[in-house]
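# Residue-level structure breakdown
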Amino acid sequence: METIGEDLRQMIRTPLSRSHVEALRAAGKVVTYPKGTIMVQQGERANRFVYVEEGEIEVVNPFTGERHYPSTIGPTQFMGEISLLYGGTASLPLRTAVDTRVIEVPRETFLTLMSQIPEMSDIIITVFAARRRRQLDDRRSGLYLIGEEADRNVRRIAEFASRNRLPYASVPLHSPEAEASAKSCAIDAGTPAVIFGSKVPITDATPDKIARLLGLNIDFSGDEHFDVLIVGGGPAGVAAAVYAGAEGLCALVVEDIALGGQAGASSRIENYMGFPTGISGADLLWRGEVQAMKFGARFAIPRRVTTLEAQANGVFCAVFENGQRVRAGAIVVASGVQYRRLPLERLADFEGSGVYYSATEMEARYCKDTEAVIIGGGNSAGQAAMFLSRYARCVRVLVRGSSLAASMSSYLTSRLEADPGITIEYNSEVSALEGGEHLESVTIRNAETGRSRKVAARALFIMVGAAPNTEWVSGLVKLDDKGFVVTGFGSPASPFATSYPGIFAVGDVRAGSVKRVASAVGEGSVVISKVWEHVKQNTT
């Protein structure tokens, strides 16, 4: 299956050419650092690109102060990680191992060079992506989670980091690793905790706090103006960001949980053109995010738009959940849909502790050697079943109807029916949940016979129905009776124009759209031509 970034241990490194180095030298300055100098601290803003001319730089373990990786950064190589593209923070400290001479280029100047010299940009982005992939694979990071298996709040941080492709290390309570890290922070090794670099545990850790530490969450003063605000970071929204940036529009993408939407939670997409061996939704969307950032698009996560106001001068004002606001010349509604919550008693008690709405590697760990139950008959449910069957003892798929023909692709149905580890039960539903602090069993009812039976299960995946995320825009644009955005307005009519000029809708949130990743990407890319026309018309 396709993944993001080459393997650093296998890839043949392509050094920057002499002309690239000269361009860096002309744009920056040469600096010499003595041995033992901390080049960047964990959590420090990524504000410069550093090219090594002479010497050696090592990654440092933030808890022990020792070298973190056997390999180092030497002459003709460069410091930096993917966070440099969006002005995030360093995930691990870096230190000179010997006296070192480097070329330093300020971030903004460096981004300009990247846009002017695509060959250099390709080399650097490939290495940055490979470094991120290595951190994700090795689980080496200064973001340290203790007791993920025992604490719902810690699991919430793990989910946020995992879905946003942020590297983190997770260790169980009372393990030697937990003991060592807890000792460095002077905390109880038997207490779940979230630690980030400074050796100080983060009290009451939330995704918002973690996003701020990593530079993902942007604080807005209210004066920021963007050409286009893209609300939603699924396939349609990220595609719109790529094309907006490529067309020179100043674009901001806001997403309230994690990039990818429902597609981002898909463990394997096999019917997206260009990836014959399949690709996970998270990898596909992360590729798009990096591509959009290369063109200058900005992302704010987690951020939720609560209100959209249309001002008299044709500018829109979006208000976030924290009261901050930004202005934009056009709006792209790409907020997608969310799985419906079933009216089950104690559902809220088990959400995050046995009840899940996505099936990624993180959730799969909780299914190992147990039974997993999936509610749903669409492609997402089918992909989840195939993925979870590699971890769970058995997977039970519950379908309310009597067939999958109308809701699931034929190739998926055939695979589910052929897999001995997967059972499909038609005309079935879950009627009750039981357990202590974690889900322990579900009651399954057959609608035809009326019979019910209890099944031991530690993981229930709910993938049914879809409610559009349109509350924030409902006062401005026309919605259909199900809450989806009606499009097809304008003169000449555009398939993505809403009833309010300057507001466009793409992807699953649009009434009548085809709920497929490929169509969402297509809509997000095509809509930008109309956005560009609207913005230019209103600024001339």
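Residues numbered from 1 in each chain as written. Predicted model: local features only at pLDDT ≥ 70, side-chain atom pairs only at ≥ 80, totals over all residues. Heavy atoms only, no water.

Secondary structure summary: the protein chain contains 15 helices and 26 strands in total. Against the 2.2 N^0.38 benchmark of 24 Å for 540 residues, the protein chain shows a C-alpha radius of gyration of 24 Å, consistent with a compact globule. Counting only C-alpha atoms and orienting by the principal axes, one finds that the protein chain spans roughly 80 × 65 × 45 Å. Each of the 540 residues in the protein chain was classed as buried or not, and the buried ones make up 55%. Restricting to contacts in the protein chain with at least 6 residues of sequence separation, those with at least 24 account for 68%. Surface accessibility of the protein chain: about 23,200 Å² in total, with carbon and sulfur atoms responsible for 50%. With 57 positive and 60 negative side-chain charges, the protein chain shows a spacing of 1 Å between the two charge centroids. (Helix = DSSP H or I, 4+ residues; strand = E, 2+ residues; numbered from the N terminus. Rg over C-alpha atoms; globule rule 2.2 N^0.38 Å. Buried < 20%, exposed > 50% of the residue type's maximum accessible area, 1.4 Å probe, protein only. Contact = heavy atoms within 4.5 Å. Areas by Shrake-Rupley, 256 points an atom, 1.4 Å probe, with all protein chains shown as cover. Lys, Arg positive; Asp, Glu negative; His and termini not counted. Charge placed at Lys NZ, Arg CZ, Asp CG, Glu CD.)

Right, let's talk about the confidence of the model for the protein chain for a bit. One rule of thumb: low pLDDT means the predicted coordinates there are not for detailed reading. In this model, the protein chain carries an average pLDDT of 90, and 97% of its residues clear a pLDDT of 70 or more. Confidence over residues 7-12 falls short of pLDDT 50; this stretch has 9 contacts with residues more than four positions distant or in other chains. (pLDDT = per-residue confidence, 0-100.)

Enumeration over the complete set of coordinates arrives at 0 disulfides. Here C367 is not cross-linked by a disulfide; its sulfur's nearest cysteine counterpart is in C394, at 11 Å. (Disulfide = S-S within 2.5 Å.)

The next point concerns the packing of aromatic side chains. Taken as a whole and judged by the stated rule, the model has 11 aromatic pairs. Site record: aromatic cluster; members linked through ring pairs are F49, F78, F110 and F128. Above the plane of the ring of Y366 lies R155, whose end atom (NZ or CZ) is 5.9 Å from the centre. A cation over a ring is seen here: R303 above F320, with NZ or CZ 5.8 Å from the ring centre. (Phe/Tyr/Trp six-rings, centres within 6.5 Å; stacked < 30°, edge-to-face > 60°. Lys NZ or Arg CZ within 6 Å of the ring centre and 35° of its normal.)

Attention now moves to the sheet that holds strand β21 (residues 428-435). Read from one edge to the other, the open sheet built from 3 strands follows the order β21-β22-β23, with strand pairing classed as antiparallel. Of all strands in the sheet, those bounded by a partner on one side alone are β21 and β23 (452-456). Taking each pair of neighbouring strands and ignoring which way they run, the sheet shows an average axis angle of 25°. As paired strands, strand β22 (residues 439-446) and β23 are joined by 5 bridges and run antiparallel to one another. When the sheet's bridge partners are listed, T443 is paired in β23 with K454. (Pairing = 2+ DSSP bridges. Axes fitted to C-alpha atoms, helices over the stretch in contact; angles between N-to-C directions.)

To continue, consider unusual backbone geometry. A cis geometry characterises the amide bond from I301 onward to P302, with omega recorded as -10°. Between S491 and P492 the backbone carries a cis peptide bond, its omega angle lying at 0°. Mapping P492 onto the fold places it in the loop between β25 (467-468) and β26 (503-505). Notably, T76 is not glycine yet its phi reads approximately 75°, a positive angle. One can find T76 in the loop between β4 (57-59) and α2 (83-86). Located in the positive-phi region is A186, a residue other than glycine, with phi close to 60°. Along the chain, the position of A186 falls in the loop between α6 (176-185) and β9 (193-196). Its relative accessible area of 71% is what places A186 among the exposed residues.

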